[in-house]
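Each chain, letter by letter, is given below.
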Amino acid sequence: MREHQPKITGILLAGGQSRRMGRDKGMILIGKQLMYQYPLNVLESLCDEILISTCKPMEIEEEYEQVCDKVPGIGPIGGVVTCLERSSNDLNIILSYDLPLVNRELFIALLKYSSPFDLILPAASPGRPEPLCGIYRKSTIPVMQQMIDLGIFAMHKLIPQVRAKILPVGTADSFFHDQFFKNINTESDLSGLPDQLL
């Protein structure tokens, strides 16, 4: 049973170029699943609607709507704002497809702060929130659009411009582990993954 009342859209960010990996990292087999399927499973467990942010529709074969950035080549902000505009719900979970170790319990914790904030992000280290793993309201759209118009594409620049909650997470949280926000960018990042993925 889902542990929330308002409807939620899950947005899987799957538009990365995978330059450092040299192949589409989302399609790498980890254990019994492709890497993108781990975060997708998390979104499916919590969300009423799923959007996949990608301009590579032939490479991810899911029945969910795939949304291509309306402004290409500007990084994750392009996918986030385009999908937020397409979303049917005010409340949205953003999760990048190269974060296979994040779990649903994190988002249950973040959702507790969904009011009155526009943006809720976790941070395992002080001053280092995770902008590609959080809760976004549609109220962030005009701010991000203004950033894009000004040529500001770094997602962390959004934080001081909206009502943001940064939630520290760490070893005191039962859902946390030392590789929680491990971002898979290179072949070497694939080594030492915890047993639950293998």
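All values reported here derive from a predicted model rather than from experimental measurement. (Residues numbered from 1 in each chain as written. Predicted model: local features only at pLDDT ≥ 70, side-chain atom pairs only at ≥ 80, totals over all residues. Heavy atoms only, no water.)

Asker: So what's going on with the overall build of the protein chain? Which residues, and what values?
Answerer: Looking only at helices and strands, the protein chain features 4 helices and 10 strands. Reading the protein chain from its N end, one meets helices and strands in the order β-β-β-α-β-β-α-β-α-β-β-β-α-β. Taking all 198 residues of the protein chain together, the buried fraction comes to 51%. Contacts spanning at least 24 positions in sequence make up 68% of the contacts within the protein chain whose residues lie at least 6 apart. Counting every atom, the protein chain has about 9,700 Å² of accessible surface; 52% of that belongs to carbon and sulfur. (Helix = DSSP H or I, 4+ residues; strand = E, 2+ residues; numbered from the N terminus. Buried < 20%, exposed > 50% of the residue type's maximum accessible area, 1.4 Å probe, protein only. Contact = heavy atoms within 4.5 Å. Areas by Shrake-Rupley, 256 points an atom, 1.4 Å probe, with all protein chains shown as cover.)

Asker: Outline the packing of aromatic side chains, supporting the account with residue identities and numerical values.
Answerer: Under the criterion given, the structure shown has 3 aromatic pairs. Plain terms: the ring middles of Phe 175 and Phe 180 are 5.8 Å apart, the flat faces sit at 45° to each other, and that makes the pair tilted. Given the relative accessible area of 1%, Phe 180 is considered buried. Each ring, one from Phe 180 and one from Phe 181, has its centre 5.0 Å from the other, and the planes form 80°; the classification is edge-to-face. (Phe/Tyr/Trp six-rings, centres within 6.5 Å; stacked < 30°, edge-to-face > 60°.)

Asker: So what's going on with the nonpolar core? Residues and values would help.
Answerer: By size, the foremost hydrophobic cluster in this structure holds 33 residues, and its most contacted members are Leu 106 and Phe 107. When contributions to this core are tallied by element, the ones reaching two or more residues are β1 (8–13), α1 (37–46), β4 (49–53), β6 (91–96), α3 (104–111) and β9 (133–137). Here the element with the most residues in this core is α3; it accounts for 6 residues. In this structure, Leu 106 is in contact with Pro 122, Cys 133, Val 169, Phe 175, Phe 180 and Phe 181, ignoring residues within four places of it in sequence. Ranked by size, the runner-up nonpolar core spans 23 residues in total, among them Val 80, Leu 84, Leu 119 and Met 144. (Core = buried A, V, L, I, M, F, W, Y, C linked by side-chain atoms within 4.5 Å.)

Asker: Can you break down the environment of Gly 75 residue by residue, with the values?
Answerer: Summarising the element assignment, Gly 75 is placed in the loop between β5 (65–67) and α2 (76–86). A relative accessible area of 36% means that Gly 75 is categorised as partly exposed. In sequence terms Gly 75 and Met 155 are 80 residues apart; their C-alpha atoms lie 9.0 Å from each other.

Asker: Quick one: what's the story with the packing of α1 against α3, residue by residue and with numbers?
Answerer: One can describe the packing of α1 onto α3 by two numbers: an axis separation of 9 Å at closest approach and a directional angle of 45°. By the angle between their axes, α1 is oblique relative to α3. For the pair α1 and α3, the sense of crossing is right-handed. Of the residues in α3, those in contact with Val 42, Ser 45 and Leu 46 of α1 are Arg 104, Phe 107 and Ile 108. For the contact of α1 with α3, the per-class residue count stands at 4 nonpolar, 1 polar and 1 charged. (Axes fitted to C-alpha atoms, helices over the stretch in contact; angles between N-to-C directions. Parallel < 35°, antiparallel > 145°, perpendicular 65-115°, else oblique. Left-handed = near helix turned anticlockwise from the far one by under 90°. Nonpolar A, V, L, I, M, F, W, Y, C, P; charged D, E, K, R; others polar.)

Asker: Can you tell me about the environment of Thr 140, naming the residues and giving the values?
Answerer: Among the structural elements, Thr 140 can be located in the loop between β9 and α4 (141–149). For the pair formed by Thr 140 and Arg 163, sequence separation is 23 residues and the distance between their alpha carbons is 9.1 Å. Residue contacts for Thr 140: discarding those within four places in its chain leaves Leu 84, Asp 118, Leu 158 and Val 162. In this structure the side chain of Thr 140 is engaged in a polar contact, spanning 2.7 Å, whose partner is the backbone oxygen of Arg 137. (Polar contact = N/O pair within 3.5 Å; in protein donor to acceptor, adjacent residues only side chain to side chain.)

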